[in-house]
Amino acid sequence: MALRLSDVKRKARDLGFNLCGITPARPSPTLAAYLRWIERGMQGAMGYMARPDRVKRRQDLREIMPGAKTLILVGLDYYARYAAEETLHDPSRGRIAAYAWGLDYHRVLKLRLETFAEWLAETSGGAPAQKVYVDTGAILERSHAQQAGLGFIGKNTMLIHPRQGSYFFLGEILTSLEFDDYDSPHRESMCGTCTRCLAACPTDAFPEPFVLDARRCISYHTIENQGWIDRELRPDFGNWIFGCDICMDVCPFQRFAEETDEVAFLPLDLDRVAPRLTDILMSNEASFRAMFRRTPVERVRRERIVRNACIAAGNWRNEQAIPHLIQLLYDASALVRGHAAWALWRTMALDSSKLLSDLHRREDDARVRGEVEALLG
Ligand code: SF4
Ligand code: SF4
């Protein structure tokens, strides 16, 4: 049976997806921009973005799946209005990006996309080759989504639906099924003269509109960067400990975003939105897992979240954090010890000299010693 676009979209709606667009499996129109971006090293330590085999796949979807004819993209809203807005800005709490307030979206989307792919195979009556992706494929999904009519790419590099904003997850099915008809691409940009996102970014991560230098982005550092965070950037992180929503929040199209119907994406409690920094600073592996079980934060693991919480504590500069930071100078992770030293210096200034000199004396790790030398020097 020949599948019609309208049938596929109805099924997507039945499965709870808020958006669905269908586009031929052609190379992405933003390929040249992506190649320039990796040439400039703006992917930072996300080595997978520049790996030659992955670059080849991004250039041509048939490298991922020979015989691929169509890419079906879906969007699922996750926007949840948080009533106590002031809590998000409370410097004694570590702020988590809205997409991570609920359960891990990978599972939620993947299960539904698999059901969708099964339905496609059954309804088409054939045995199409199909692959399902949520974040995992080497696919320039935002640009394909623009081609499938789901929205435009803003100067903040996010996909924006003109009547729903950009708080939605994307997932896709690459299939060998072919359709008689496809969705038309969305207008390329609707930003006009607006530059709100560029001006609002606290770390100046946009060297120019539509280009994001991940090496300066809070979201990249707090989630993807597994190592040390530049001292120069840390004061601008504010209280973000996992991701950053600023360049999406300030976007005027965001006012159209509606609260998600997906219970899975609603925060269970305040600790999933903005946990107390002191709770994170004193967490061990077990209490960390209990705090963030089955959320995207759990994937990043304790070491990096405690590192991020040290930065937020260094920006909070409150004596309540001091005993916990001193304790962290003895943490098993050098990354944590080094960032705790920075936070102590920011909180206590010269009063931390003795603590930091003692750390320097007993420390084996060259990075931690270097951090202390830079602070005391
Ligand atoms: Fe800047 Fe935050 Fe947007 Fe990154 S996520 S570009 S730090 S505003
Ligand atoms: Fe475009 Fe303005 Fe939104 Fe930035 S804030 S993405 S410039 S509309």
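In case you missed it, the structure is sitting above this.
Keep in mind that this is a model prediction, so the values were computed, not measured. Every chain begins its residue count from 1, and numbering advances along the sequence as written. Written order determines the labels here, with chains lettered from A and ligands numbered from 1. At least 70 in pLDDT is required for a residue's local features to be given in this predicted model, at least 80 for side-chain atom pairs to be given and counted, and no such filter applies to totals for whole chains, interfaces and linings, which use all residues. Hydrogens and water are ignored here; the side-chain numbers use all heavy atoms of the structure.

(A) Looking closely at the site of ligand 1. Every residue lining ligand 1 is accounted for by Cys201, Pro202, Thr203, Ala205, Phe206, Leu212, Cys217, Ile218, Cys244, Ile246 and Cys247. Residues of the shell around ligand 1, tallied by class, amount to ten nonpolar, one polar and no charged. When at least one non-hydrogen atom of a residue lies within 4 Å of a molecule or strand, that residue is treated as near it. Classification used: nonpolar for Ala, Val, Leu, Ile, Met, Phe, Trp, Tyr, Cys and Pro, charged for Asp, Glu, Lys and Arg, polar for all others including Gly.

(B) The site of ligand 2, seen in detail. In the vicinity of ligand 2, the residues found are Gly154, Lys155, Asn156, Ile160, Cys191, Cys194, Arg196, Cys197, Cys251, Pro252 and Phe253. Within the shell around ligand 2, the residues separate by chemical class into seven nonpolar, two polar and two charged.

(C) Molecular detail of the environment of Ala290. Counting from the N terminus, the helices are the DSSP runs of H or I reaching at least four residues and the strands are the DSSP runs of E reaching at least two. Locating Ala290 in the fold gives a position in helix α12 (residues 285–292). Sequence separation between Ala290 and Pro162 is 128 residues; the distance between their C-alpha atoms is 38 Å.

(D) Expanded view of the packing of α12 against helix α13 (residues 296–316). Where α12 meets α13, the axes come as close as 10 Å, and the angle between the chain directions of the two elements is 145°. Viewed along their axes, α12 and α13 form a crossing whose handedness is right-handed. Where α12 abuts α13, its residues Glu285, Phe288, Arg289 and Phe292 lie against Val297, Glu298, Arg301, Arg302 and Ile305. Its residues assigned to classes, the contact of α12 with α13 comprises four nonpolar, no polar and five charged. Axis definition: a line fit to C-alpha positions, over the contact stretch in the case of helices; interaxial angles, taken between N-to-C directions, run 0 to 180 degrees. Should the near helix be turned counterclockwise from the far one by less than a right angle, the crossing is left-handed, whereas a clockwise turn marks it as right-handed. Every residue pair with non-hydrogen atoms within 4.5 Å of one another is taken to be in contact.

(E) Fine view of the sheet that holds strand β4 (residues 130–133). Two strands make a pair as long as DSSP finds a minimum of two bridges between them. Sheet architecture is open: four strands sit in the order β1-β2-β7-β4, paired in antiparallel fashion. Two strands close off the open sheet at either side, each with one partner strand: β1 (19–24) and β4. Averaged over all adjacent pairs, the angle separating strand axes in this sheet is 15°, with direction ignored. Across eight bridges, the pairing between strand β2 (residues 70–77) and strand β7 (residues 168–175) is antiparallel.

(F) Region of the structure containing the pattern of salt bridges. For this document, the term salt bridge refers to a Lys or Arg side-chain nitrogen within 4 Å of an Asp or Glu carboxyl oxygen. Summed over all chains, the structure comprises 19 salt bridges. Its salt-bridge partner being Arg40, residue Glu208 comes within 3.4 Å of it at the nearest N-O pair. Taken together, the residues span a long stretch of sequence, with Glu208 in the loop between α8 (196–200) and α9 (218–224) and Arg40 in the loop between α2 (31–39) and α3 (52–59) at a distance of 168 residues. Throughout, exposure labels follow a simple rule: accessible area from a 1.4 Å probe, protein chains only, divided by the maximum for the residue type, with under 20% read as buried, over 50% as exposed, and the rest as partly exposed. In this structure Glu208 comes out as partly exposed when scored by relative accessible area, which is 36%. Classification of Arg40 as partly exposed rests on a relative accessible area of 42%. Between Arg216 and Glu232 there is a salt bridge, and its shortest N-O distance comes to 3.5 Å. Placement of the pair is Arg216 in the loop between α8 and α9 and Glu232 in the loop between α9 and β8 (240–242), with a sequence separation of 16 residues. Several salt bridges share partner residues, and in doing so they unite Arg4, Asp7 and Arg10 into one network.

(G) The arrangement of the pairing of β7 in detail. Counting buried positions over the eight residues of β7 gives eight, a clear majority of the element. Residues of β7 alternate between two faces, with Phe168, Leu170, Glu172 and Leu174 on one and Phe169, Gly171, Ile173 and Thr175 on the opposite face, all of them buried. For β4 and β7, the ladder comprises four bridges, and the chain directions are antiparallel. Looking at β7, one finds that Tyr133 is bridged to Glu172.

(H) Just helix α1 (residues 5–14), in detail. When we look at burial in α1, the residues that qualify are Leu5, Asp7, Val8 and Ala12. Across the axial projection of α1, the buried residues extend over an arc of 165°, all falling on one side. In α1, the exposed positions that point more than 90 degrees away from the buried face belong to Arg13 and Asp14. Those residues of α1 hidden inside the fold are in contact with β1, β2 and α6 (105–124). Each direction from the helix axis to a C-beta atom contributes to the arc, which is the arc of those directions.

(I) Here's a closer look at the side chain of Ser283. Inspection of the secondary structure puts Ser283 in the loop between α11 (277–281) and α12. Beyond its immediate chain neighbours, meaning those up to four positions away, Ser283 contacts Phe288, Met291, Arg302 and Val306.

(J) Region of interest: unusual backbone geometry. Unlike most non-glycine residues, Phe210 shows phi in positive territory, near 70°. Residue placement: Phe210 occurs in the loop between α8 and α9. Judged by its relative accessible area of 41%, Phe210 falls in the partly exposed class.

(K) Broad picture of the packing of aromatic side chains. Only Phe, Tyr and Trp rings are paired, with Trp represented by its six-membered ring, and only when their centres lie within 6.5 Å; those with planes under 30 degrees apart are stacked, over 60 edge-to-face, the remainder tilted. The full count for this structure, using the stated rule, is 13 aromatic pairs. Taking 6.2 Å as the distance between ring centres and 40° as the angle between the ring planes, the aromatic pair formed by Phe116 and Trp119 counts as tilted. With Phe116 and Trp119 both in helix α6 and three residues apart, the pair spans about one turn of that helix. Owing to a relative accessible area of 19%, Trp119 belongs among the buried residues under this scheme. Of the aromatic side chains, those joined through ring pairs into one cluster are Tyr78, Tyr79, Tyr99, Tyr105, Tyr167, Phe169, Phe242 and Phe265.

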